[in-house]
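# Observations on the model geometry
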Amino acid sequence: MDAASGRTLALPEDASAHGHRIDALLATNHRLEGLLALVVLGWLALAVWRFHKARRAAADGGTRRSRTLVLALALVTFGVVDGTLFVRSLGYVDEVLWNFEVPVKHPDTVRLEVNARQWTWEARYAGEDGRFGTADDVVTWSDVRVPVGVPVWVQLSSTDVVHGLALPNFRVKLDAVPGRVNQTWFQAAREGTWEVACYQHCGTSHYKMRGTLTVMAPEAYRAWLREASRQATRAYDAADSAAHWGWAWKEAP
Amino acid sequence: MKALLSTDHKVVARAYLWAGLGFLGVGGLMAMLIRWQWGWPGRPVPGLGWALPESGGALTPPAYTGLFTMHGLVMVFFAITPLLIGALGHFVIPLAVGARGMAFPRLSAWSFRVFAAGGALVLVSFGVRLGTASAGWTSYPPLSAAHVFTPGVGQTLVMVGVVCAAVSSFLGAVNFVVTVVRCRAPGMGWGRLPLTVWGLFFTSVLNLLFVPVVAVATGLVLMDRVVGTRFFMAGAAVTGGGGDPLLYQHLFWMFGHPEVYILILPAWGMVGDFVAFFSRKRAHGYRGTVVAMGAVTGLSGLVYAHHLFTSGMAPMMGRAFMTLTLIISLPAMVMFLNWLMTVWRGSVRLTVPMVAALGTMVVFGLGGLSGLALGAVATDIPLHGTMWVVGHFHLTMAAASFLAVFAGLYFWFPKMFGRHLHTGLAMGHVVSSAVLFVAVFGGQLMAGYAGQLRRLYDPYQYTFLKHLLSLNQWTSVAAFALGSAQLLFVVNLVWTLRRGRVAEANPWQVGTLEWTCAPSPPPEDNYAEVPEVLRGPHELSQPEVYERLGRDWIGQAEALPEESKASTPEAQPALGGAG
Ligand SMILES: [Cu+2]
């Protein structure tokens, strides 16, 4: 176990090009929350200690001034803590998470269809011809491969129950819902092998719905896809209906 | 049996109390088993050989899925709800508003009967072939809706049980709302209601609005499951086309999110009252607190879709629900600060209910803070579906409402049974529970931050979670300690009911109607004479009361010696908004 993944109080190691923005926001947020917890609980402890069995209690339910103070304190806290969270989260959402311009415009974007099934992740690549639903489509089981440094555009569905695609090291989570194609994208920042997890309870073996995500050098990825595509064409069986779960690639949402 | 026949709200309340405590024990034992599995996966559970002979007492994946499903369902629908609302609500509301009983006494009895029927179905489900429900407490279809995914009659029985619990909550809510609106004693204006009553009132409003939604959603799943409709079964391999599984998620969370407030509003109300009572002063910003609780109630249904940030929702919806979700933290902060200001400049008495209320504040505060990151889309993504979520909602829904249940129980026990629980045992119970809650659910927050997904039978299947084993073991040890600490309460209860000290008339020296106008326990009609309410619920440490009565409290319906003379028409305006 390497040092980075061994730290209990840390997020899973970040291997994506954009995840650091979420991580930084979480770190800021936790510092603010920690500070707030200290102040509030410290104040509570101080109040209990200082006024324990005090001889005289105030006879009123607060003055106009003390009530204004409460409202002002609440508004300031809300503005600072919720405000940073809101603004920076909105920035991430607009520029990364829900901004499909990036994968749409990038010339080397990798398109990937993922079908979740009890209890495996089926991944489909368009193959050499660049079109889905043809004989050279490459299909893998719980073994996803992507090149480093380019956007990976994922379209996701499910054949049976609701699953949840999680790439913890890429800050990606998306439900796989039967009858719908959900979309997301991410970009790997470095090569390596990471884990694909299911985060929605999907039956008894839910905990075993584990896959691997291998981030490869672009040349190695191209070579792998070419070879896999050739083999797929050779092994193609038009009568095998279970193998034809793919869909025509959808527009960006 | 008497409980099933009686229409006296106090008898119904006690029936809910015993049933709720029983289910709390069942749900708690299931939690211990889940914690065992995360600490020592696949290892036989000591003493469980009789239940799982094939595996020698080790939890199997099917047994485990049944456990976490039923732990959630039992705790939400059959433990916290009946304890907070069924028991404390039924007991306190009529007494606190000065009524002779509930508005519809027979409806009270029916709400308990329907609840008991649901509870019986749940208990039966553990004994059927293929076991109890296993689709998670959220029961997402198609998993919950098709026999191929959740075979056996257990899932069906439990979902019928949930519908029963929902119907029971709805009946109770009708009764509470009408009782508070129509049956208040003369002079009991809205501004004189104890905050507990306000909390229970808002909870009942939410139950009226949103419980039918969950009943419908569950009913439709049952139809998919039993009759073969396809409301929620689109594109699933087993069925072909038809409905939409996501529709269920919207319906479920439209109830499921307000449910969080349904379970916490009565707790907030009690905290508001108890910090005032035991700081010996009026609640700071009473009206602000009530408005804040009302604002949370009003917003509660508008934030539900933050549970669906990762469901593939339209970006426009994501932005809208993020905004609304963060806004709801503002009234919560106002309320919290008002509690703090109530303690400030008070004369703090650390009685058991007060310590439990302070503990509620601490765990609720931590729970609320840990929820902020789940309210914003970007930070929700790494934490969604992890133990962070579990830790967060257990701090707010489990720890806070549990401590509030016990605050309320320790407070009203003398009124319910005429006896005092042992203070030392009670204090040990409350303090150790509060500390251990923070340890257990804090451990869950840490595991979730490090990425541990919830509900995994064996989290260590994933290499990136392997290093969390020792953290999980420590958390489990804390959980077992927490479970054991509950024995303090059980011992106290048994001992007190047999030979506890007989309670004095007004042990807490507060002015609310139940303590100042009725004996303990109150007779069938509560009040020999319906009290006429003259003042608010927290009239403590008032100088003129000191002066004339020589004590720091005065009953809500008690006239000051001179006041009776002075209550001539020209003196009325000085009392202010009497109702
Ligand atoms: Cu899955």
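Residues numbered from 1 in each chain as written. Chains lettered and ligands numbered in written order. Predicted model: local features only at pLDDT ≥ 70, side-chain atom pairs only at ≥ 80, totals over all residues. Heavy atoms only, no water.

Secondary structure summary: chain A contains five helices and ten strands in total. For a compact globule of 253 residues, the expected C-alpha radius of gyration is about 18 Å, and chain A comes in at 25 Å, more than 25% above that figure. For chain A, the C-alpha atoms occupy an extent of roughly 90 × 40 × 40 Å along the three principal directions. The buried share of chain A, reckoned over its 253 residues, is 53%. Here the contacts in chain A between residues at least 6 apart in sequence split such that 69% fall between residues at least 24 apart. (Helix = DSSP H or I, 4+ residues; strand = E, 2+ residues; numbered from the N terminus. Rg over C-alpha atoms; globule rule 2.2 N^0.38 Å. Buried < 20%, exposed > 50% of the residue type's maximum accessible area, 1.4 Å probe, protein only. Contact = heavy atoms within 4.5 Å.)

Another aspect to go through is the nonpolar core. Counting residues in each nonpolar core, the largest one holds 271 residues, and the members touching the most others are F170(A) and W268(B). Element by element, the count of residues in this core is highest for helix α3 (residues 61–97) of chain B, at 23 residues. Taken domain by domain, this core gets at least three of its residues from each of domain 1 (19–97) and domain 2 (107–237) of chain A. Excluding its chain neighbours within four sequence positions, the residues that come into contact with F170(A) are A15(A), S16(A), F186(A), A188(A), W194(A), L213(A) and V215(A). (Core = buried A, V, L, I, M, F, W, Y, C linked by side-chain atoms within 4.5 Å. Domains from an automatic or database assignment.)

All names here are of chain A. Most of strand β6 (residues 163–167) sits inside the fold, with five of its five residues counted as buried. Of the two faces of β6, the one carrying H163, L165 and L167 and the one carrying G164 and A166 are both buried. Where β6 lies against strand β7 (residues 172–176), five bridges are found, and the strand directions are antiparallel. Bridged to L167 within β7 is V172. In this structure, the hairpin formed by β6 and β7 is closed by a connection of four residues, where R171 is found at a positive phi of approximately 55°. Pairing between β6 and strand β9 (residues 192–198): two bridges, direction antiparallel. Across the sheet, the residue bridging to L165 is C198, located in β9. (Pairing = 2+ DSSP bridges.)

Moving on: the coordination of the copper ion. All names here are of chain A. Looking at the metal site, the copper ion is ligated by H163 (ND1), C198 (SG), C202 (SG) and M209 (SD), spaced 2.1 to 2.5 Å from it. Of note is the copper ion, whose four donor atoms meet at the metal with angles of 88 to 130° in an arrangement that counts as tetrahedral. Between the donor residues of the copper ion, the gaps in sequence give the motif H-x34-C-x3-C-x6-M. For the pair C202 and M209, a shared accessibility class is recorded, and that class is buried. (Donors = N, O, S within 2.8 Å, 3.2 Å for Na, K, Ca; no water. Tetrahedral: all angles 85-135°; square planar, octahedral: opposite > 155°, others 65-115°.)

This next bit is on the domain arrangement of chain A. Quoted interface sizes are often the accessible area lost when the parts come together. The domain architecture assigned to chain A consists of domain 1 (19–97) and domain 2 (107–237). When each unit is reduced to the centre of its C-alpha atoms, the spacing between domain 1 of chain A and domain 2 of chain A is 42 Å.

In this section: empty space enclosed by the protein. Residues and elements named next belong to chain B. Across all of its chains, the model carries eight cavities of 30 Å³ or more by this definition. Estimated volume of the largest cavity: approximately 130 Å³. Looking at the largest cavity, it is lined by 15 residues, and the ones nearest its centre are Y16, T81, G86, S168 and S169. Of all the secondary structure elements, the ones that give two or more residues to the lining of the largest cavity are α3 and α5 (154–182). Of the residues belonging to the lining of the largest cavity, the class tally is eight nonpolar, seven polar and no charged. (1 Å grid on protein atoms, 1.4 Å probe; cavity = no way out; pocket = protein on both sides within 12 Å on 5 of 7 lines; lining within 4 Å. Points joined across faces, edges and corners; volume = space filled by probe spheres on them. Nonpolar A, V, L, I, M, F, W, Y, C, P; charged D, E, K, R; others polar.)

Within the fold, E504(B) resides in the loop between β2 (501–502) and α16 (513–516). When the C-alpha positions of E504(B) and G418(B) are compared, they lie 8.2 Å apart, and in sequence the two are 86 residues distant.

All right, on to the side chain of S433(B) then. Residues and elements named next belong to chain B. By the element assignment, S433 lies in helix α14 (residues 423–449). Assessed through its relative accessible area of 1%, S433 is described here as buried. Beyond its immediate stretch of four places on either side in the chain, S433 contacts F402, L403, L482 and Q486.

A word on the sheet that holds β9(A). The pairing of strands in a sheet happens through backbone hydrogen bonds and is either parallel or antiparallel. Residues and elements named next belong to chain A. One open sheet accounts for five strands, arranged β4-β10-β9-β6-β7; its pairing is mixed. Bordering the open sheet on either side are β4 (143–147) and β7, each of which pairs with just one other strand. Averaged over all pairs of adjacent strands, the angle between strand axes in this sheet comes to 25°, irrespective of strand direction. Contacts between helix α5 (residues 218–235) and the sheet are confined to β4 and β10 (211–216), with β4 contributing the most and set at about 130° to the helix. (Axes fitted to C-alpha atoms, helices over the stretch in contact; angles between N-to-C directions.)

Per the UniProt record, "domain: Cytochrome oxidase subunit II copper A binding" (unreviewed entry) is annotated on residues 107–227 of chain A. The span residues 107–227 of chain A is 8% helical and 50% strand by assignment, and the distance between its end C-alpha atoms comes to 22 Å. (UniProt positions renumbered as here; feature names shortened; annotations may be inferred.)

For the rest of this paragraph, the subject is the packing of aromatic side chains. Inspection of every chain in the model, using the stated rule, returns 62 aromatic pairs over all chains. Where Y221(A) meets W224(A), the ring centres are 5.9 Å apart and the plane angle is 40°; that geometry is what we call tilted. Taken together, the positions of Y221(A) and W224(A), both in helix α5 and three residues apart, correspond to about one turn of that helix. Each member of the pair Y221(A) and W224(A) is classed as buried. Considering the side-chain rings of F411(B) and W508(B), the 5.6 Å spacing of their centres and the 15° angle between planes classify their relative orientation as stacked. A residue pair is termed long-range when its members are at least 10 positions apart, and F411(B) in helix α13 (residues 387–417) and W508(B) in the loop between β2 and α16 qualify at 97 residues. Owing to a relative accessible area of 0%, F411(B) belongs among the buried residues under this scheme. Since its relative accessible area comes to 12%, W508(B) is described here as buried. (Phe/Tyr/Trp six-rings, centres within 6.5 Å; stacked < 30°, edge-to-face > 60°.)

It is worth spelling out the interface of chain A and chain B at this point. Facing 88 residues of chain A, the contacting portion of chain B comprises 95 residues. Summed over both partners, the interface of chain A with chain B comes to about 7900 Å²; 71% of that surface belongs to carbon and sulfur atoms. When the area that chain A buries against chain B is broken down by residue, the three leading residues are W98(A), H201(A) and Y207(A), summing to 10%. On inspection of chain A and its partner chain B, the count reaches two salt bridges. With a closest N to O distance of 2.7 Å, R319(B) and D94(A) form a salt bridge. Looking at the side of chain A that touches chain B, the element that brings in the most residues is helix α3 (residues 64–97) of chain A, giving 20 residues. When the residues that make up the side of chain A that touches chain B are grouped by side-chain class, the tally is 51 nonpolar, 20 polar and 17 charged. (Buried area = accessible area lost by both parts, 1.4 Å probe. Salt bridge = Lys/Arg side-chain N within 4 Å of Asp/Glu carboxyl O.)

Further remarks concern the environment of G246(A). Residue and element names in this part refer to chain A. Following the sequence through the fold, G246 ends up in the segment after α5. The class for G246 is partly exposed, based on a relative accessible area of 31%. Sequence spacing of G246 and E227 is 19 residues, and the spatial spacing of their C-alpha atoms is 20 Å. Excluding its chain neighbours within four sequence positions, the residues that come into contact with G246 are E113 and R124.

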